[in-house]
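# Residue-level structural notes
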Amino acid sequence: MSSAASPIRVVSPEADERIFVTQPHMAPLSEFIPYLEKIWDSKVLTNRGPFHRQLEDALCEYLGVEHLALFANGTLALVTALQALRITGEVITTPYSFVATAHSLLWNGIKPVFVDVDPNTLNLDPKKIEAAITPQTTAIMPVHCYGHPCDVEAIRQIADIYNLRVIYDAAHAFGVKTESGSLLRHGDLSVLSFHATKVFNTFEGGAIVCPDAKTKQRIDHLKNFGYVDELTVVAPGINGKMSEINAAFGLLQLQHVDEAIARRKRIDAMYRELLRDVQGIRCLDAAGETASNYAYFPILIESEYPMSRDALFELLRSHEVIARRYFYPLISDFPMYRGLPSASRDNLPVATEAALKVLCLPLYPALRDEQVERIAAIVAQAQ
Ligand SMILES: *Cc1c(COP(=O)(O)O)cnc(C)c1O
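Residues numbered from 1 in each chain as written. Predicted model: local features only at pLDDT ≥ 70, side-chain atom pairs only at ≥ 80, totals over all residues. Heavy atoms only, no water.

## Concerning the environment of threonine 197
Where we set the bar: Helical segments are the DSSP runs of H or I of at least four residues, strand segments are the runs of E of at least two, and each set is numbered from the N terminus. By the criterion applied in these results, polar contacts are pairs of N or O atoms within 3.5 Å in which, for protein atoms, one can donate a hydrogen and the other can accept it, and in which residues neighboring in sequence qualify only through two side-chain atoms.
Tracing the backbone shows threonine 197 in the loop between β9 (189-193) and β10 (206-210). A distance of 2.8 Å separates polar atoms of two side chains, one belonging to threonine 197 and the other to histidine 195.

## Digging into the pattern of salt bridges
Test applied: Any Lys or Arg side-chain nitrogen found within 4 Å of a carboxyl oxygen on Asp or Glu counts as a salt bridge.
A full pass over the atoms with the stated rule returns 28 salt bridges. Note that lysine 216 and glutamate 56 form a salt bridge whose closest N and O atoms lie 2.8 Å from each other. Of this pair, lysine 216 sits in helix α7 (residues 213-222) while glutamate 56 sits in helix α3 (residues 50-63); the two residues are 160 residues apart in sequence, bridging distant segments of the chain. For arginine 368, the salt bridge identified is with glutamate 370, shortest N-O distance 2.9 Å. Connected via shared salt-bridge partners are Arg48, Glu56, Lys216, Asp220 and Lys223.

## Things to note about the side chain of serine 193
What counts is decided by this rule: Three labels apply to residues, based on accessible area from a 1.4 Å probe with only protein chains included: buried if under 20% of the type maximum, exposed if over 50%, partly exposed otherwise in between. Contact criterion: two residues are considered in contact whenever any of their non-hydrogen atoms come within 4.5 Å of each other.
Here serine 193 lies in strand β9. For serine 193, a relative accessible area of 9% corresponds to the buried category. In terms of polar contacts, serine 193 uses its side chain to reach the backbone amide nitrogen of histidine 195, at 3.1 Å. With sequence-adjacent residues up to four places away left out, serine 193 is seen in contact with Gly74, Ala171, Lys198, Phe200, Gly205 and Gly206.

## Some remarks on the nonpolar core
Keep this limit in mind: The criterion is simple. A nonpolar core is a set of buried Ala, Val, Leu, Ile, Met, Phe, Trp, Tyr and Cys residues joined through side-chain atoms within 4.5 Å. Note that the domain bounds reflect an automated or database-derived domain assignment.
Of all hydrophobic cores here, the largest spans 77 residues; its most connected members are Leu59, Tyr96 and Tyr146. The element that contributes the greatest number of residues to this core is helix α8 (residues 244-275), accounting for 8 residues. Domain assignment of the residues forming this core places at least three in each of domain 1 (19-25 + 256-380) and domain 2 (29-252). Counting 29 residues, the second-largest nonpolar core is a separate cluster that includes Met270, Phe297, Leu361 and Ile378.

## Regarding the state of the cysteines
A disulfide bridge is the covalent bond that connects two cysteines by way of their sulfur atoms. Just so we agree on the cut-off: Two cysteine sulfurs form a disulfide in these notes if their separation is within 2.5 Å.
Applying the stated criterion across every chain, the model contains 0 disulfides. Here cysteine 60 stays unpaired: no disulfide links it, and the sulfur of cysteine 210, its closest cysteine neighbor, is 8.2 Å away. For the unlinked cysteine cysteine 283, the closest cysteine sulfur is that of cysteine 360, found at 11 Å. Under the relative-accessibility criterion, cysteine 283 is labelled buried at 15%.

## Notes on the site of the ligand
Which entries qualify depends on this criterion: Here, proximity means that at least one heavy atom of the residue falls within 4 Å of the molecule or strand. Note on residue categories: nonpolar means Ala, Val, Leu, Ile, Met, Phe, Trp, Tyr, Cys or Pro, charged means Asp, Glu, Lys or Arg, and polar means any other residue, Gly included.
Around the ligand lies a shell of 14 residues, among which Gly74, Thr75, Asp169, Ser193 and Lys198 are the nearest. Within the side chain of aspartate 169, one N or O atom sits 2.7 Å away from a nitrogen atom of the ligand. Elements with a contribution of two residues or more to the shell around the ligand: α4 (74-84) and α5 (100-106). Residue composition of the shell around the ligand, grouped by class: 3 nonpolar, 9 polar and 2 charged.

## Thoughts on the sheet that holds strand β14 (residues 297-301)
Rule in force here: Strand pairing is defined by DSSP finding a minimum of two bridges between the two strands. As a rule, the C-alpha atoms of each element are fitted with a line to give its axis, helices using only the stretch in contact, and angles between N-to-C directions run from 0 to 180 degrees.
An order of β13-β14-β16 is seen for the 3 strands of this open sheet, with the pairing classed as antiparallel. Single-partner strands in this sheet number two, and they are β13 (281-283) and β16 (358-361). The average angle at which neighbouring strand axes cross in this sheet is 35 degrees, direction not considered. Where α8 meets the sheet, it contacts β13, β14 and β16, and its direction lies at approximately 20 degrees from that of β14. Contacting β14 and β16, helix α9 (residues 309-318) runs over the sheet at an angle of about 25 degrees to β16.

## Some details on the sheet that holds β9
Ordered in space as β2-β10-β9-β6-β5-β3-β4, the 7 strands form an open sheet in which the pairing is mixed. Among the strands making up the open sheet, the edge pair consists of β2 (67-71) and β4 (111-114). Neighbour to neighbour, the strand axes of the sheet diverge by 25 degrees on average, direction disregarded. The sheet contact formed by strand β3 (residues 90-93) and strand β5 (residues 137-141) spans 4 bridges and is parallel. In the sheet register, valine 91 faces β5, and the bridge partner there is alanine 139. Each of β2 and β9 touches α3; the most contacted strand, β2, lies at about 130 degrees to it.

## What to know about the packing of aromatic side chains
Stated precisely, the cut-off is as follows: Note on ring pairs: Phe, Tyr and Trp rings are taken, using the six-membered ring of Trp, and paired if centres are within 6.5 Å. Classes follow the plane angle, with under 30 degrees stacked, over 60 edge-to-face and the rest tilted. Any Lys NZ or Arg CZ that is within 6 Å of a ring centre and within 35 degrees of that ring's normal is treated as a charge sitting over the ring.
On inspection of all chains with the given rule, the structure shows 17 aromatic pairs. Where phenylalanine 32 meets tyrosine 35, the ring centres are 6.1 Å apart and the plane angle is 35 degrees; that geometry is what we call tilted. Residue phenylalanine 32 and its partner tyrosine 35 are located together in helix α2 (residues 29-42), separated by 3 residues, close to a single helical turn. A relative accessible area of 15% means that tyrosine 35 is categorised as buried. Their ring planes at 20 degrees and their centres at 6.1 Å tell us that tyrosine 146 and phenylalanine 327 sit as a pair that is stacked. Linking tyrosine 146 in the loop between β5 and α6 (152-162) with phenylalanine 327 in the loop between β15 (321-322) and α10 (349-357), this pair joins segments that are 181 residues apart in sequence. Taking relative accessible area as the criterion, tyrosine 146 reaches 2% and is therefore assigned buried. A relative accessible area of 8% means that phenylalanine 327 is categorised as buried. When the ring centre of phenylalanine 98 is taken as reference, the NZ or CZ atom of lysine 198 above it lies at 6.0 Å. For lysine 223, the ring lying beneath its charged end belongs to phenylalanine 71, and the centroid distance is 5.5 Å.

No statement about biological role is implied by the geometric values presented.
Structure follows, in structure tokens:
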């Protein structure tokens, strides 16, 4: 790319045309200035300021949940969610996710136990969970991968029988609904990410969705060093707070998120139409959600396709289209996990295969129709 030393980047027409897998959706800067003026006037920069409180309320209403605690990012929220429920021992989780899912377990001294995924949804396969439960198992941490719902009912039944907690990594699942309402109401806790690359972003940010006020209070203490009041510290908490500038931006972003999701939906429909008859390309289907967020557009490159996934990845690159192989490598293949017995590929055949076949195509609100057509044409015409 450009020289790191120069603050002014001269963009060549070629680099300008380069299409990445995503591009952050940002409300107009002019609309953000009044929020900044308020912060400059009040000098309240953090520690549960007015924008922080307003964003928590606004998100509860938008998402249809009772309680939510904002965080500086989704990873701190995951780490804190495990602390909030005092999870120890072993936790069953998926290898097919972003690495932060399992890292949050290691940061708590918890042993991840990888269980394979379902071939249709690529989410944790409930049928394979029971065999992985041991006397040390205390919880399940599934991921609503690409924003498609896990089999929440089957997971709840297993959790009830074995007295396990369930913490959903819902980093992809902002705004997703099923027949019973918000997907985020399932499990003991759900964790969101508002990272720049996600459907709803606050530059960096995250949240824990929780069912009751008492749990939210514990989480609020944990994210602020364990402070209850000026003189009382009740737990070895962390600094996980979201700043006022991020919270203010979130309030503004929330006003634009519906139009952003509507545009994503249109692009998703275009890709599905344009790729429908392409031999060897499988578009991942919705998994029973009544409201989707169209966070990603994963395709699976099957053996009938004329080239391998990696060859298609390179072909797209040669056309300045930077797709991404989410999720390859599997988390269980990274050095800090691959020694675990559950990390063996024999234990994870479906995830192993998916990781070799998947490619996420560019999908973001500013992507233009003709760009979608061009990307789909490259995929459709490859030979
Ligand atoms: C983005 C993401 C995270 C981490 O969120 P950050 O806000 O970037 O810390 C965790 N899990 C999954 C599945 C993610 O995609």
